[in-house]
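Understanding the architecture of this molecule
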Amino acid sequence: MDESNDAFGLACRDYDRDGHAHTPLFVEFRGGGTFKQDVSHYFQTTGDWPTEEVSLLSRARGRILDIGVGVGQYSIELQEQDAVDGVTGIDYSEACLKVARRRGLRNARLHDVLSGDLPGGPYDCFLMMGHNIALLDPSKNGRTVLERISRAASPEAVILGTVGNTEFLSEEIREKAAERTAVSGICSFRIRLAYGDVRSHWFDYCFASRDGLDAFCEGTEWAIDHVQSYLNGFCVAMRRTNHRPSH
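This text gives an overview of the structure that appears in the document. Throughout this document, residue positions are counted from 1 along each chain, in the order its sequence is written. Per-residue local features are limited, in this predicted model, to residues with pLDDT of at least 70; the limit for side-chain atom pairs, both in listing and counting, is 80 or more; totals at the level of whole chains, interfaces and linings are taken over all residues. With hydrogens and water excluded, all non-hydrogen atoms of the structure serve as input to the side-chain values.

Thoughts on the pattern of salt bridges
Going by this rule: By convention in these notes, a salt bridge is any Lys or Arg side-chain nitrogen within 4 Å of a carboxyl oxygen on Asp or Glu. Secondary structure counts use DSSP, requiring at least four H or I residues in a row for a helix and at least two E residues in a row for a strand, with both numbered from the N terminus. Type-normalised accessible area, obtained with a 1.4 Å probe on protein chains alone, sets the label of each residue: buried when under 20%, exposed when over 50%, and partly exposed for intermediate values.
Summed over all chains, the structure comprises 16 salt bridges. Across the pair Arg-59 and Asp-225 runs a salt bridge, and its minimum N-O distance is 3.1 Å. With Arg-59 in the loop between helix H2 (51–57) and strand E3 (62–67) and Asp-225 in strand E11 (residues 222–230), this pair connects stretches of sequence that are 166 residues apart. Residue classification places Asp-225 among the partly exposed residues on the basis of a relative accessible area of 40%.

What to know about the environment of Asn-5
Stated formally: Should any heavy atoms of two residues lie within 4.5 Å, those residues are counted as being in contact.
Its place among the elements puts Asn-5 in the segment before helix H1 (7–18). Asn-5 gets classed as buried once you look at its relative accessible area, which sits at 10%. When the C-alpha atoms of Asn-5 and Tyr-74 are compared, they prove to be 25 Å apart, with 69 residues separating the residues in sequence. Setting aside residues up to four positions removed in sequence, Asn-5 forms contacts with Val-198, Arg-199, Ser-200 and His-201.

Looking at H1
Since one α-helical turn is 3.6 residues long, residues separated by three or four positions face the same way. To be explicit about the condition: By this rule, a helix spans an expected 1.5 Å times one less than how many residues it contains.
With twelve residues, H1 extends 16 Å between its outermost C-alpha atoms, agreeing within 8% with the 16 Å of an ideal straight helix rising 1.5 Å per residue. Of the surrounding secondary structure, the elements contacted by the buried residues of H1 are strand E1 (25–29), helix H4 (94–102), strand E8 (186–195) and strand E9 (198–199). Two residues or fewer past H1, Gly-19 is found with a positive phi of approximately 85 degrees.

This is how it looks when you write it as structure tokens:
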């Protein structure tokens, strides 16, 4: 992703440099509907995190891969903890990675999890914060992403992340999502980010109900280990099991 379509990265770059985004960052739904995103949220430190996120991240151990690291909000804190043996952050936004490095993330790499196998490994913990559990949407590319995580995972690895709750979506938006979502309990969308004159590419994104979360792991070697409601979503922990699905 370059600056011509990296709306999120440019908003974060400006916030990091100037203390504010120059214009609002918007999420646009294909077919209609927008909402404004607060860029400052991505620069919070431990004392600002919801207690549910603090509890979830207390499970982080060993070698960690942060998928969609952004500006390093979580990884920068975790890399200093005694239980952590190192953190690698990956993102497809070079603008975000430059900010993350400047803020102190020691290992940040340009990589798109949707484009190829994960770098390095094996990892004991995979972070998918910032609602990045949406990448595991079973009605889209989620199975491919989980397979790539499995190939880079230690035998007892965990996935820690968050995802939006469908209950916080308007009825109109849920109805639009239903037209393109085949999995019960999951609302999938095409969205893009807009920052000033910059627009990202359209990409898939999902929200889930509590029951719908189980579909993320069905037929895989992963199982839901912990779910906790918070804000407008869920904190989710998945653990790797001994089960190897047949192909």
